[in-house]
Amino acid sequence: MKNIVTILVLVIAFTFTTQAQQRGGQQRGGQVSTEKMLEKMTTDLNLTEDQQNKIKPLLENQKAEKKASMEARKAARESGVRPSKEEREQLNADSKEKATAFNTEMKNILDEEQFAKFEAMANEKKGNTENRGKKKKS
């Protein structure tokens, strides 16, 4: 009996360890660290060191803004207060404005070919996000 329990505990521990390793550098919620993001961009876009140094603060700022926004939404949800239609529209407009500003900064840092690849990567990621939302609704 003790052997069976020991074996079950080992199997469960092995399963959790394997799943954690498969997630790689991803943190809870699928968030990727700024360093991993910059590393991927460096590889995919062939960034110079100067470009990396300019992009890193942009990524850190973007991540901090997203985290603050997520915490604000969480606090509002916990308080039970729902934003009005105008507030939701303003939040969407602010979000689009931040995305546009980020893209403008990236366009100033990257050359034309790199920026075209960057946009293609962003569109692919956006498509994956939209598809993930559709799967949940089904």
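If you're wondering where the values come from, they're calculated on a predicted model, not measured in any experiment.

**Side note on the overall build of the protein chain**
Next up, step 1: Scanning the protein chain from terminus to terminus reveals five helices and zero strands.
Next up, step 2: Starting at the N terminus, the α and β elements of the protein chain follow one another as α-α-α-α-α.
Next up, step 3: Counting over 138 residues, the protein chain shows a buried share of 12%.
Next up, step 4: Carbon and sulfur atoms make up 53% of the accessible area of the protein chain, which totals about 11,700 Å².

**Looking at a nonpolar patch on the surface**
Next up, step 1: A grouping of Met1, Val5 and Val9 is seen on the molecular surface, where their side chains present a nonpolar patch of about 340 Å² in accessible area.
Next up, step 2: In this structure, Val9 sits in helix 1 (residues 2–22).
Next up, step 3: Among the residues examined, Val9 registers a relative accessible area of 51% and is labelled exposed.

**Focus: the packing of helix 3 (residues 49–79) against helix 4 (residues 85–109)**
Next up, step 1: Contact geometry of helix 3 with helix 4 gives a least axis separation of 10 Å together with a crossing angle of 170°. In terms of axis orientation, helix 3 runs roughly antiparallel to helix 4. The segment helix 3 lies against helix 4, with Gln51, Lys54, Ile55, Leu58, Leu59, Gln62 and Glu65 engaging Lys98, Phe102, Glu105, Met106 and Ile109.
Next up, step 2: Class assignment of the residues belonging to the contact of helix 3 with helix 4 gives a composition of six nonpolar, two polar and four charged.

**Concerning unusual backbone geometry**
A negative phi holds for most residues other than glycine; trans holds for most peptide bonds.
Next up, step 1: The backbone phi angle of Asn46 is positive, close to 55°, even though this residue is not glycine.
Next up, step 2: Within the secondary structure, Asn46 is located in the loop between helix 2 (34–45) and helix 3.

**Overview of the nonpolar core**
Next up, step 1: Formed by 13 residues in total, the largest nonpolar core has its most connected members in Met41, Leu47, Ile55, Met106, Leu110 and Phe118.
Next up, step 2: When residues of this core are traced back to their parent elements, those giving at least two are helix 2, helix 3, helix 4 and helix 5 (112–137).
Next up, step 3: If we skip the residues at most four places from it in the chain, Met41 touches Asn46, Leu47, Ile55, Leu59, Met106 and Phe118.

**Remarks on the confidence of the model for the protein chain**
Next up, step 1: On average, residues of the protein chain score 82 in pLDDT, and 82% of them reach the 70 mark or higher.
Next up, step 2: Model confidence for the protein chain, summarised as mean pLDDT per element, is weakest for helix 1 at 71 and strongest for helix 4 at 92.
Next up, step 3: This stretch, residues 25–29, has a pLDDT under 50; its non-local contacts, to residues over four places away or in other chains, come to seven contacts.

**Some remarks on helix 4**
Next up, step 1: The end-to-end C-alpha distance of helix 4 is 36 Å, a good match for the 36 Å that 25 residues give at a rise of 1.5 Å each.
Next up, step 2: Those residues of helix 4 that sit buried are Phe102, Met106 and Ile109.

**Concerning helix 2**
Next up, step 1: An ideal rise of 1.5 Å per residue puts 16 Å on 12 residues; helix 2 measures up with 16 Å between its terminal C-alpha atoms.
Next up, step 2: Every buried residue of helix 2 is listed here: Thr34, Leu38, Met41 and Leu45. Viewed along the axis of helix 2, the buried residues span an arc of 60°, placing them on a single side of the element. In helix 2, those exposed residues whose orientation departs by more than 90 degrees from the buried face are Glu39 and Thr43.
Next up, step 3: Just beyond helix 2, the residue with positive phi is Asn46, at close to 55°.

Parameters at a glance
- Residues numbered from 1 in each chain as written.
- Predicted model: local features only at pLDDT ≥ 70, side-chain atom pairs only at ≥ 80, totals over all residues.
- Heavy atoms only, no water.
- Helix = DSSP H or I, 4+ residues; strand = E, 2+ residues; numbered from the N terminus.
- Buried < 20%, exposed > 50% of the residue type's maximum accessible area, 1.4 Å probe, protein only.
- Areas by Shrake-Rupley, 256 points an atom, 1.4 Å probe, with all protein chains shown as cover.
- Patch = residues over 30% accessible without salt bridge, like charges linked within 9 Å, V, L, I, M, F, W, Y side chains within 5 Å.
- Salt bridge = Lys/Arg side-chain N within 4 Å of Asp/Glu carboxyl O.
- Axes fitted to C-alpha atoms, helices over the stretch in contact; angles between N-to-C directions.
- Parallel < 35°, antiparallel > 145°, perpendicular 65-115°, else oblique.
- Contact = heavy atoms within 4.5 Å.
- Nonpolar A, V, L, I, M, F, W, Y, C, P; charged D, E, K, R; others polar.
- Core = buried A, V, L, I, M, F, W, Y, C linked by side-chain atoms within 4.5 Å.
- pLDDT = per-residue confidence, 0-100.
- Expected span 1.5 Å × (residues − 1).
- Arc of directions from axis to C-beta.

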